[in-house]
Amino acid sequence: MIFMRALNSHSASRALLLLAGALFGALSLNAQEPWREGRNIGGLTLYEGNEAQVQLGGEYTSGGFRTPSEAANLWRGGLNAQAETHYKDLVLTGAFSFDVKSGREMTGSMFTKPGFYPIDVLEFVPGTKTMQTYAVSGGMAWDTRSAWKPGIALRFEGINYAKRKDLRHTTYRQELEVVPSLLYKGDNWRMGLSAIFEKNSEFIQAEVVGAATSETYYAFLDKGRRYGTLQAWDGSGIHLAEPGLDRLAVSQVCFGSALQVSLGDSLYGDVEFAYSPGHVGEKGYTWFRFWKSAVTGKVIWNIEGDKGMHSLRADWAWSRQDNYETVLDKVTSGGITTPREYGSNRIFVQRQYAVGPTYTYESKRDWDASWTAVLSENRERGTHMYPFLEYDDGMMLETEAKGGITLGPVRLDAGLRFRIEVAEDHKVVDMDENDEGVTTFPFRLQYWWEMEEEFNDLPLLGGFLNVRYNFTIGHQYKFFVEAGCTACHAFEVEQLPGSNRQTTHLTLGYHF
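Conventions used here
Note that residues are indexed from 1 along each chain, following the sequence as it is written. The predicted nature of this model means local features are confined to residues of pLDDT at least 70 and side-chain atom pairs, given and counted, to a pLDDT of 80 or more, with totals for whole chains, interfaces and linings taken over all residues. In computing side-chain properties, one takes all heavy atoms of the structure into account and sets aside hydrogens as well as water. Only DSSP runs of H or I with at least four residues qualify as helices, and only runs of E with at least two residues qualify as strands; both kinds are numbered from the N terminus onward. Exposure classes here rest on a 1.4 Å probe applied to the protein chains alone. A residue is buried below 20% of its type maximum, exposed above 50%, and partly exposed in between. Any two residues whose heavy atoms approach within 4.5 Å are treated as being in contact. Shrake-Rupley sampling with a 1.4 Å probe provides the accessible areas, and residues are treated as covered by the protein chains on show and by no other component. For this count, His and the chain ends are skipped, Lys and Arg are scored as positive, and Asp and Glu as negative. Charge coordinates come from a single atom per side chain, which is NZ of Lys, CZ of Arg, CG of Asp or CD of Glu. Each reported salt bridge corresponds to a side-chain nitrogen of Lys or Arg within 4 Å of a carboxyl oxygen of Asp or Glu. Each nonpolar core is a collection of buried residues, namely Ala, Val, Leu, Ile, Met, Phe, Trp, Tyr and Cys, held together in the definition by side-chain atoms within 4.5 Å.

J.: How do you make sense of the overall build of the protein chain when you look at a structure like this?
T.: For the protein chain, the count of helices and strands is two helices and 20 strands. The buried share among the 512 residues of the protein chain stands at 46%. A sequence separation of at least 24 residues applies to 66% of the contacts in the protein chain between residues at least 6 apart. Put simply, the protein chain shows about 24400 Å² of open surface, and 57% of that area lies on carbon and sulfur atoms. Charged side chains of the protein chain number 50 positive and 64 negative; the gap between the two group centres comes to 5 Å.

Structure follows, in structure tokens:
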């Protein structure tokens, strides 16, 4: 869900929602089946119907309203397939996707998902970058003859990210998720419980190829809020090339649980907790340790009317993340050098909170409309060098309205969204309690920081329009072709290269 992806983000953004539309994900147009909104795959045993779909498409993104790590022009193509099959006592689901992106004159983050981890590594030589993403997921749920419905869902995703111009880098990412679940079906109520295990890891390998030149390639290790170290890419402060190590590795695991409850077919709610410790480094060289806790929840209430279905939804989320930088030394004994850790300092703290309602109406006359509002708060505190302290607190409000209608073989969907910052508090403390002051300040990549702040904070107006045409070949093969565009305009732009951004896509699909 968009909501969970936003919570996992740890960029300089002061909001959980940027350009992704309704943060909580609009209610699916199958609102009568709210168990599909949760983690528990056993909820699929409550429904009927087989469905499968394959999509092949591409998109083009352009415009100057972007972060410095994004491409001015980006091409993307992909294929995805998904299916759900119901048997007498078993439900099977499966999905596969592959897509490739290519952007020219790109700089910035070497990570595949900038902001996911509390650190980042930036490079500054423009060049072409390509990214390949492949994902496989599946699950099964047993519809036993008793009230108990067990199930399990699995997901794997791999990403390859590369830049072939000095400073070159290759980045690999893997995600694995396993969610076993159990559902109990009562007379007019249902309760479910899910366990969550996830592991994600990513590592960056950088190199300079060819004859040596006088040019020095620099990199920046971001330790939070764009404070960090700027030096030659193979310097000891960047950690891309350490003695005995040829990469910067990050690893994180997640342990969580989720509880789901429903009354009849109209009221559904769930709550989820996750704890995610992680570290940066390997082979005894642990440069950073971080951990994150997150709690999310939602309530959905479906109200059946004479002419359609009304759905009321409320979502909320809270997360906390702390990052600690370790104090390491290299000790040589008997000709062998080993790392020794003496302690750690907490250098970055982040707290996020978001809440918002959603209203959706699905008419029996093949049209629907929805409205969402999200209020989010992001608090960050940087303590990169004692006694220096920087505190930032921002609150964003975003609202979106969208609707769709089916006219024969044609489906039209459109929407508008608006974002504005409603509150901000920024403080820099450079004096300790003894009023001795700070003689040295931590280094900040100031121009980069200012562009990202502008991208995240400016008022924004956006919208989208999609047109889908459904057709049949041979009286049995159901296809569709869809074209659409998503665009946004930011107000009062000063630092960024432009005020607008758009993505146009074309998709061919097949139902079977």
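From this point, the narrative continues.
J.: Help me understand the pattern of salt bridges in this model?
T.: When charged atoms on two side chains of opposite charge get close, those side chains can pair. Applying the stated criterion to the full structure yields 42 salt bridges. As a salt-bridge pair, Arg-168 and Asp-166 come within 3.1 Å of each other at their nearest N and O atoms. For Asp-166, a relative accessible area of 12% puts it in the buried group. Between Arg-411 and Asp-368 there is a salt bridge whose closest N-O contact spans 2.6 Å. Residue Arg-411 is located in strand E17 (residues 410-429), and its partner Asp-368 is located in strand E15 (residues 367-385); the two are separated by 43 residues in the primary sequence.

J.: Explain the side chain of Asn-466 here, please?
T.: Relative to the assigned elements, Asn-466 resides in strand E18 (residues 460-473). Given the relative accessible area of 16%, Asn-466 is considered buried. When neighbours within four sequence positions are excluded, Asn-466 is seen to be in contact with Arg-411, Leu-412, Asp-413, Glu-482, Ala-483, Gly-484, Cys-485 and His-505.

J.: For this particular structure, what's the right way to read the nonpolar core?
T.: Side chains of nonpolar character tend, in soluble globular proteins, to be buried together. The biggest cluster of nonpolar side chains holds 26 residues, and the ones touching the most others in it are Val-121, Leu-240 and Val-280. Elements with a minimum of two residues in this core: strand E4 (120-142), strand E7 (189-207), strand E8 (218-222), strand E10 (248-263), strand E12 (285-304) and strand E14 (336-363). In terms of residues, this core owes the most to one element, E12, which gives four residues. Among residues more than four places away in sequence, those in contact with Val-121 are Gly-108, Ser-109, Met-110, Phe-111, Ile-204, Phe-220, Leu-221, Ile-238, Leu-240 and Leu-248. By size, the runner-up hydrophobic cluster in this structure holds seven residues, among which are Met-451, Leu-460, Cys-488 and Leu-496.

J.: How do you make sense of unusual backbone geometry when you look at a structure like this?
T.: Keep in mind that most residues, glycine aside, have a negative phi and that most peptide bonds are trans. Residues Asp-166 and Leu-167 are joined by a peptide bond in cis, for which omega reads -5°. Mapped onto the elements of the fold, Leu-167 is located in the loop between strand E5 (148-163) and strand E6 (168-185). Cis rather than trans, the peptide bond between Tyr-386 and Pro-387 has omega equal to 0°. Positive phi, normally seen in glycine, also occurs at His-475, with a value near 65°. Position of His-475 relative to the elements: it lies in the loop between E18 and strand E19 (477-490). For Glu-492, which is not a glycine, the phi torsion comes out positive at approximately 65°. Here Glu-492 shows up in the loop between E19 and strand E20 (500-511).

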